[in-house]
Amino acid sequence: MLFAIVGEDSADSLPKRLSVRPAHVERLEALRSQGRLVLAGPFPREAGEGFTGSLIVADFSSLEEAKTWAKADPYVQAGVYATVSVKPFKRVF
């Protein structure tokens, strides 16, 4: 089943993002190589530098597995995200 993982950035998150981005991308690459990643990317700020959060849509066997995967993300561990939500996602198009 697909799940949407939405991380909302903490204030001044850009330096933290940059420091752990390689580890974050490595985990996404692992999902992609398994054929489980639908899409992933950040929400850029409308004005200025940086991001307001990120969206990941991927296939997990359960909501619990998706939450466990999200909690272990380097962006979560480094404090890039102030909050993370995980919800089932239904792709229509």
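Residues numbered from 1 in each chain as written. Predicted model: local features only at pLDDT ≥ 70, side-chain atom pairs only at ≥ 80, totals over all residues. Heavy atoms only, no water.

With respect to the overall build of the chain
Then comes step 1: When helices and strands are counted, the chain shows three helices and four strands.
Then comes step 2: Here the C-alpha atoms of the chain give a radius of gyration of 13 Å, agreeing with the 12 Å that 2.2 N^0.38 yields for 93 residues.
Then comes step 3: Dimensions of the chain, computed from C-alpha atoms along their principal axes, come out at roughly 35 × 25 × 20 Å.
Then comes step 4: Contacts in the chain between residues far apart in sequence, at least 24 positions, make up 71% of those at least 6 positions apart.
Then comes step 5: Distance between charge centroids for the chain: 4 Å, based on 12 positive and 11 negative side chains. (Helix = DSSP H or I, 4+ residues; strand = E, 2+ residues; numbered from the N terminus. Rg over C-alpha atoms; globule rule 2.2 N^0.38 Å. Contact = heavy atoms within 4.5 Å. Lys, Arg positive; Asp, Glu negative; His and termini not counted. Charge placed at Lys NZ, Arg CZ, Asp CG, Glu CD.)

Examining unusual backbone geometry
A negative phi angle characterises most non-glycine residues, just as the trans form characterises most peptide bonds.
Then comes step 1: One non-glycine residue with positive phi stands out, namely Asp12, at about 55°.
Then comes step 2: Within the element layout of this structure, Asp12 appears in the loop between strand S1 (2-9) and helix H1 (14-33).
Then comes step 3: Residue class for Asp12 comes out exposed when judged on its relative accessible area of 68%. (Buried < 20%, exposed > 50% of the residue type's maximum accessible area, 1.4 Å probe, protein only.)

As for the nonpolar core
Then comes step 1: Judged by nonpolar contacts, Phe3, Ile5, Leu28, Leu31, Ile56, Ala58, Phe60, Ala66, Trp69, Ala70 and Val86 together constitute the single largest core of 11 residues.
Then comes step 2: Mapped onto this core, the elements with two or more residues apiece are S1, H1, strand S3 (51-59) and helix H2 (63-71).
Then comes step 3: In this structure, Trp69 is in contact with Ile5, Arg27, Leu28, Leu31, Ile56 and Phe60, ignoring residues within four places of it in sequence. (Core = buried A, V, L, I, M, F, W, Y, C linked by side-chain atoms within 4.5 Å.)

A word on the packing of aromatic side chains
Then comes step 1: Throughout the structure, instances matching the rule amount to two aromatic pairs.
Then comes step 2: Measuring from ring centre to ring centre gives 5.6 Å for Tyr75 and Tyr81, while their planes differ by 85°; the resulting arrangement is edge-to-face.
Then comes step 3: The buried category is assigned to Tyr75, whose relative accessible area is 2%. (Phe/Tyr/Trp six-rings, centres within 6.5 Å; stacked < 30°, edge-to-face > 60°.)

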